[in-house]
Amino acid sequence: MAAPASLADTAPADAPLARIIVTKVFVRGLKVDAEIGVYDHEHGRMQPLVVDVELDVAASHCERLGDTVNYETIGEAARAIAAEGHIDLVETFAERLAQACFADPRVTRARVRVEKPLALAPHAAAAGVEITAVRS
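Residues numbered from 1 in each chain as written. Predicted model: local features only at pLDDT ≥ 70, side-chain atom pairs only at ≥ 80, totals over all residues. Heavy atoms only, no water.

Student: Explain the overall build of the chain to me, please; I cannot follow it from the model alone.
Tutor: Helix and strand counts for the chain stand at three helices and four strands. In the chain, which comprises 136 residues, the proportion classed as buried is 34%. Restricting the contact set of the chain to residue pairs at least 6 apart, pairs at least 24 apart contribute 60%. Roughly 8,900 Å² of accessible area belongs to the chain as shown, and the carbon and sulfur atoms make up 55% of that amount. (Helix = DSSP H or I, 4+ residues; strand = E, 2+ residues; numbered from the N terminus. Buried < 20%, exposed > 50% of the residue type's maximum accessible area, 1.4 Å probe, protein only. Contact = heavy atoms within 4.5 Å. Areas by Shrake-Rupley, 256 points an atom, 1.4 Å probe, with all protein chains shown as cover.)

Have a look at this one:
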C-alpha cells in the first residue's frame, strides 16, 4: 500500500493554497485615560478605560504595512478621542472610535469594546459596552 500523498503534493506548485476573504486586525487591552461619565464626580477627572477593537479589513496577501490597516492608528484614534474633552457615555466613545476606524476605506466592520474598570469597583471587575458597526 502506497503512503498517502501530503496536501502539498496534490496542488500545482503555482496554485494559491487559499483565498483570503477577510483579514482581522485587532488591538486588545488598550489603556486610555479619558474624562468620561455622566455623574458630577466624574466631571473634571480622568478615568482609565480598557479598549478592544477588531476590524474586518478587505485586504489579502499583505506583504507591506501599506497593504493593511496599521493597528497603531487604532491607539492614536482612541487617544485623540479622549483628548477632545469630556464624554458622557462609553457608548459615545465606542461609536466615535468605530467611525474613526472607517476612515480607512478597507475597513468593512468594526467591533469596539470599551470597559470602565472603576465603574462598579469593588463589586465588579469592569462595566462597559461593546458595539459592532458595519460600513453602509
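Continuing now.
Student: Would you take a moment to explain the sheet that holds strand β2 (residues 47-57) for this structure?
Tutor: Working definition: the strands of a sheet are paired by backbone hydrogen bonds and lie parallel or antiparallel to each other. One open sheet holds the four strands; their spatial order is β1-β2-β3-β4, and the pairing between them is antiparallel. Each of the sheet's edge strands pairs with one partner strand only, and the pair in question is β1 (23-34) and β4 (127-134). Ignoring which end each strand starts from, the neighbouring axes of this sheet average 15 degrees apart. When β2 meets strand β3 (residues 107-116), the two strands line up antiparallel, connected through eight bridges. (Pairing = 2+ DSSP bridges. Axes fitted to C-alpha atoms, helices over the stretch in contact; angles between N-to-C directions.)

Student: Looking at this structure, I do not really get the nonpolar core. What am I missing?
Tutor: Soluble globular proteins: nonpolar side chains tend toward being buried together. Core analysis: the largest hydrophobic core is formed by 33 residues, its most contacted members being Val 51, Leu 55, Phe 93 and Leu 97. Secondary structure elements with two or more residues in this core: β1, β2, α2 (72-83), α3 (90-101), β3 and β4. For this core, the leading source of residues is α3, giving six residues. Not counting residues within four places of it along the chain, the set of residues in contact with Phe 93 comprises Val 32, Ile 36, Leu 49, Val 51, Ala 78, Ile 81, Ala 82, Ile 87 and Val 114. (Core = buried A, V, L, I, M, F, W, Y, C linked by side-chain atoms within 4.5 Å.)

Student: Even after reading the chapter, I still don't get α3, so can you show me in this structure?
Tutor: Side chains that are three or four residues apart share a direction in an α-helix, a result of its 3.6 residues per turn. Its 12 residues give α3 an end-to-end C-alpha distance of 17 Å, which sits within 8% of 16 Å, the value for a rise of 1.5 Å per residue. Where α3 is concerned, the buried positions are Val 90, Phe 93, Ala 94, Leu 97, Ala 98 and Cys 101. Buried residues of α3 fall within an arc of 130 degrees about the axis and therefore sit on the same side. Close packing links the buried residues of α3 with β1, β2, α2, β3 and β4. (Expected span 1.5 Å × (residues − 1). Arc of directions from axis to C-beta.)

Student: Can you help me understand the environment of Ile 81 in this one?
Tutor: Tracing the chain through its elements places Ile 81 in helix α2. Taking relative accessible area as the criterion, Ile 81 reaches 6% and is therefore assigned buried. Taking C-alpha positions, Ile 81 is 9.8 Å from Val 32, a pair spaced 49 residues apart along the chain.

Student: How should I be thinking about the pattern of salt bridges in this particular structure?
Tutor: Side-chain pairs of opposite charge can arise where the charged atoms are in close proximity. As enumerated under the stated definition, the model contains 10 salt bridges in all. Linking Glu 54 and Arg 109 is a salt bridge whose minimum nitrogen-to-oxygen distance equals 2.5 Å. Of this pair, Glu 54 sits in strand β2 while Arg 109 is found in strand β3, placing the two residues 55 residues apart along the sequence. The class for Arg 109 is buried, based on a relative accessible area of 16%. (Salt bridge = Lys/Arg side-chain N within 4 Å of Asp/Glu carboxyl O.)

Student: Honestly, the pairing of β2 in this entry has me stumped. Any pointers?
Tutor: Consecutive residues of a regular strand have side chains that alternate between opposite faces of the sheet. Most of β2 sits inside the fold, with eight of its 11 residues counted as buried. Looking at chain direction, β1 and β2 are connected through 10 bridges and run antiparallel. Residue pairing for β2: Phe 26 is matched across the bridge by Glu 54.

Student: Is there a simple way to think about the side chain of Arg 109 in this case?
Tutor: Among the polar contacts made by the side chain of Arg 109, one reaches the side chain of Glu 54 at a distance of 2.5 Å. Discounting chain neighbours no more than four positions away, the residues touching Arg 109 are Lys 24, Glu 54, Leu 55, Asp 56, Phe 102, Thr 132, Ala 133 and Val 134. (Polar contact = N/O pair within 3.5 Å; in protein donor to acceptor, adjacent residues only side chain to side chain.)

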